[in-house]
Amino acid sequence: THETFEAHPGGSLAIEVMDRLLGFVRDNCNEALVRDMGVMTRLTSTSHQSWAHADNCTWAPAHGGYIMNHTPLRTHTAMLYISDDCEGGELNVGIGPGPGGQLSSMDISCDNGTLVVLPSSESFHHSVKNIKRGSRYAVITWYMRDIDEAMYGKPMQEVQKHLMRTRDTLWCNA
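None of the values given here were measured: they were computed from a predicted structure.

**Student:** Would you explain the overall build of the protein chain in this entry?
**Tutor:** Counting its secondary structure elements, the protein chain contains three helices and 10 strands. Written out in order from the N terminus, the α and β elements of the protein chain read α-α-β-β-β-β-β-β-β-β-β-β-α. Going through the 174 residues of the protein chain one by one, you find that 45% of them count as buried. In the protein chain, once contacts between residues fewer than 6 apart in sequence are set aside, the share between residues at least 24 apart is 75%. Summed over its atoms, the accessible surface of the protein chain is roughly 9400 Å², and 52% of this surface lies on carbon and sulfur atoms.

Here is the structure:
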């Protein structure tokens, strides 16, 4: 939330960056979007934990693949790296059906100024590789369609029915 960021040094800059990212994603994805939430992160070799995940669903093979997680309204993820002394910490993005059948993947370095924008869906599951030295700083924000905003905070069953009615695919038009 804006209040959380404003309490920290650099918080107003993070808000400005997230607002600019919102304009960039709206323009380039041709969708009416609003910001879900944003965070500033610092990962180190001792604090880092990551696993392959998607930002709006969870891999659940016992249920036939991906299922809705606690943030199913997210459609896009944007990350701006602001690290100037980090070794390792690459973002590994898998392109394909998921951890159980990945078609391909790529590593994206967390160099200062690198911007990564990707769909929040199962087609773009991702994880962070081990950090060998230094700190990996990022401003990360997620977006949802403006027509989904009214569903924020509603019971999951209502959200799922809404998504089934309003999307061509269950999670995201990647």
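**Student:** How should the packing of aromatic side chains be read in this particular structure?
**Tutor:** Centre-to-centre distance and the angle between the planes together describe a pair of aromatic rings. Under the definition given, this model contains zero aromatic pairs. Against the face of W142 rests R74, its NZ or CZ located 4.1 Å from the ring centre.

**Student:** Explain the nonpolar core to me, please; I cannot follow it from the model alone.
**Tutor:** Most often, soluble globular proteins have nonpolar side chains that are buried together. Counting residues in each nonpolar core, the largest one holds 15 residues, and the members touching the most others are M79, Y81, L91, V116 and L118. Those elements giving two or more residues to this core turn out to be strand 4 (74–81), strand 6 (91–95), strand 8 (115–119), strand 9 (124–128) and strand 10 (131–145). Discounting residues that sit within four places of it in the chain, L118 has contacts with H76, T77, M79, L91, F124 and H126. In this structure, M18, V25, V139 and Y143 belong to the second largest nonpolar core, which totals 11 residues.

**Student:** Teacher, can you tell me more about the pattern of salt bridges here?
**Tutor:** Two side chains of opposite charge can pair, provided their charged atoms sit close to one another. If you walk through the whole model with that rule in mind, you get four salt bridges. Salt-bridge contacts for D85 lead to R133; the nearest nitrogen and oxygen are separated by 2.5 Å. With a gap of 48 residues between them, D85 in the loop between strand 4 and strand 5 (86–88) and R133 in strand 10 connect regions that are remote in the sequence. Residue classification places D85 among the partly exposed residues on the basis of a relative accessible area of 44%. For R133, a relative accessible area of 40% translates into the label partly exposed. Between D148 and R145 there is a salt bridge, and its shortest N-O distance comes to 2.8 Å. Across the pair, exposure class does not vary: D148 and R145 are buried alike.

**Student:** Help me out: how do you make sense of the side chain of D55 in this one?
**Tutor:** Structurally, D55 can be placed in the loop between strand 1 (33–44) and strand 2 (57–60). The charged side chain of D55 is buried without a salt bridge, its nearest counter-charge being R74 at 5.1 Å. A polar side-chain atom of D55 sits 2.7 Å from a polar atom in the side chain of T77. Setting aside anything within four residues of it in sequence, one finds D55 in contact with N69, T71, R74, T77, S120, H126 and W142.

The rules behind these values
Residues numbered from 1 in each chain as written. Predicted model: local features only at pLDDT ≥ 70, side-chain atom pairs only at ≥ 80, totals over all residues. Heavy atoms only, no water. Helix = DSSP H or I, 4+ residues; strand = E, 2+ residues; numbered from the N terminus. Buried < 20%, exposed > 50% of the residue type's maximum accessible area, 1.4 Å probe, protein only. Contact = heavy atoms within 4.5 Å. Areas by Shrake-Rupley, 256 points an atom, 1.4 Å probe, with all protein chains shown as cover. Phe/Tyr/Trp six-rings, centres within 6.5 Å; stacked < 30°, edge-to-face > 60°. Lys NZ or Arg CZ within 6 Å of the ring centre and 35° of its normal. Core = buried A, V, L, I, M, F, W, Y, C linked by side-chain atoms within 4.5 Å. Salt bridge = Lys/Arg side-chain N within 4 Å of Asp/Glu carboxyl O. Lys, Arg positive; Asp, Glu negative; His and termini not counted. Polar contact = N/O pair within 3.5 Å; in protein donor to acceptor, adjacent residues only side chain to side chain.

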